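These are the residues of each chain, in order.
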Amino acid sequence: MKEFINIFKKNKIDILNTLLDKLDSNHVNSIKNENLDEVFLYFSSLDTIYAVDENFIQLSPIFNRDRQETASSKGKLKKTLQENIDIENKEYYISSPYMSAKTGKYTITLVKKIDDRFIALDFNLFKLLNEYNHIDTISKFFANASKVVYGIIGMSLTIFALILVFYAIYDFLNNLFLVSNNLFESIFKSTIALTLGLAIFDLAKNLLEHEVVFKEHNHEAHGGNKLLIKFLISIIIALSIEALMMVFKIVIYDYKDILYAVYLLIAIGFLLITMSQYNRYLEKNK
């Protein structure tokens, strides 16, 4: 979505002039407050329209493309509009893209002064850019296809993580209630399965969070790098638990293998140093 916002900023003047020309050519200034829903016929990207007076008191119902608010909303002060637009010495105002609380989509608001009233029009950003050929549908299709693929991978990883968790619990309970001689061994196996499940689940969660669910709301300059760091943290935690379990196991069975645990701890330390330096590099280049 960041790319669409940049496209809007580059073409803001052209988009504004196009919208104003279309409003004038369709004689929107002559439409009565109660009939503002007729404007939806002229703009396929228009989501909401309503009228306020010079004191930002609502003169009309709030018309939405899919539904209409009741006329009881008339007479209310549109405080949000009053606080966020600057129309002094102008006949119009167009906002920067923002997330609409009603639609959950990126929106821009155009306010046009007509006689003693202001007409406020909320446009869906993507539909607006597409309507006036500033973007093509291929880019949107590619973005949606990427989200589907990431979603499938993320959900698959989640299922694998849950399988590991249930296997660990099943194996431990099975050995516990059957009074097995391998109970201690079962604890180690279950812990390994649980930590591996934890690492896989954390990867799936971050993948779904960054690339699917909140992708359009994520504006981090290094979003992909942050995902990598979070995954490395999960790996380091999992390896640290495994190293601890290995030390306990070696102490119980054979001290000769303690060198392998030392190697693992050294690798964990190297990962920590590398990750901290990489994170410092990202902070400097923000």
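Before reading on, note that the structure itself is shown above.
Residues numbered from 1 in each chain as written. Predicted model: local features only at pLDDT ≥ 70, side-chain atom pairs only at ≥ 80, totals over all residues. Heavy atoms only, no water.

Draft legend 1. Highlighting the overall build of the protein chain. The helix and strand tally for the protein chain stands at 8 helices and 6 strands. Beginning at the N terminus, the succession of helices and strands in the protein chain can be written as α-α-β-β-α-β-β-β-β-α-α-α-α-α. The buried share of the protein chain, taken over its 286 residues, is 38%. A separation of at least 24 residues holds for 57% of the contacts in the protein chain among residues at least 6 apart in sequence. Summed over all atoms, the accessible surface of the protein chain reaches about 17,200 Å², with 61% contributed by carbon and sulfur. (Helix = DSSP H or I, 4+ residues; strand = E, 2+ residues; numbered from the N terminus. Buried < 20%, exposed > 50% of the residue type's maximum accessible area, 1.4 Å probe, protein only. Contact = heavy atoms within 4.5 Å. Areas by Shrake-Rupley, 256 points an atom, 1.4 Å probe, with all protein chains shown as cover.)

Draft legend 2. Region of interest: the pattern of salt bridges. Counting across every chain of the model gives 2 salt bridges. With a closest N to O distance of 3.8 Å, Lys 112 and Asp 24 form a salt bridge. Placement of the pair is Lys 112 in strand β5 (residues 106-114) and Asp 24 in helix α2 (residues 12-25), with a sequence separation of 88 residues. The exposure class assigned to Asp 24 is partly exposed, which follows from its relative accessible area of 43%. The shortest N-O distance in the salt bridge between Lys 205 and Glu 209 comes to 3.8 Å. Pair noted here: Lys 205 and Glu 209 are both in helix α6 (residues 183-213), with a separation of 4 residues, about one helical turn. (Salt bridge = Lys/Arg side-chain N within 4 Å of Asp/Glu carboxyl O.)

Draft legend 3. A look at the nonpolar core. The biggest cluster of nonpolar side chains holds 29 residues, and the ones touching the most others in it are Ile 49, Leu 110, Leu 121 and Phe 123. For this core, the secondary structure elements donating two or more residues are α1 (2-10), α2, β1 (46-53), β5, β6 (117-124) and α4 (125-131). If you tally residues by element for this core, the top one is α2, at 5 residues. Discounting chain neighbours no more than four positions away, the residues touching Ile 49 are Leu 36, Val 39, Phe 40, Pro 61, Ile 62, Phe 63, Ile 119, Ala 120 and Leu 121. By size, the runner-up hydrophobic cluster in this structure holds 10 residues, among which are Ile 85, Tyr 93, Val 111 and Phe 118. (Core = buried A, V, L, I, M, F, W, Y, C linked by side-chain atoms within 4.5 Å.)

Draft legend 4. Molecular detail of a nonpolar patch on the surface. There is a patch of nonpolar side chains on the surface, built from Leu 162, Phe 166, Ile 169, Leu 173, Leu 176, Phe 177 and Leu 194 and spanning about 670 Å² of accessible area. Per-element tally for the nonpolar patch: the top contributor is helix α5 (residues 137-177), with 6 residues. Relative to the assigned elements, Leu 162 resides in helix α5. (Patch = residues over 30% accessible without salt bridge, like charges linked within 9 Å, V, L, I, M, F, W, Y side chains within 5 Å.)

Draft legend 5. Inspection of the packing of aromatic side chains at higher detail. Scanning the model with the defined rule gives 1 aromatic pair in all. Taken together, a centroid distance of 5.4 Å and an interplanar angle of 80° make the contact between Phe 43 and Phe 123 edge-to-face. Of the two residues, Phe 43 is situated in the loop between α2 and β1 and Phe 123 in strand β6; the sequence distance between them amounts to 80 residues. For Phe 43, a relative accessible area of 0% puts it in the buried group. Look at Phe 123 and you get buried, because its relative accessible area is 0%. (Phe/Tyr/Trp six-rings, centres within 6.5 Å; stacked < 30°, edge-to-face > 60°.)

Draft legend 6. Looking closely at α2. An ideal rise of 1.5 Å per residue puts 20 Å on 14 residues; α2 measures up with 20 Å between its terminal C-alpha atoms. At the C-terminal side of α2, His 27 shows a positive phi close to 55°. (Expected span 1.5 Å × (residues − 1).)

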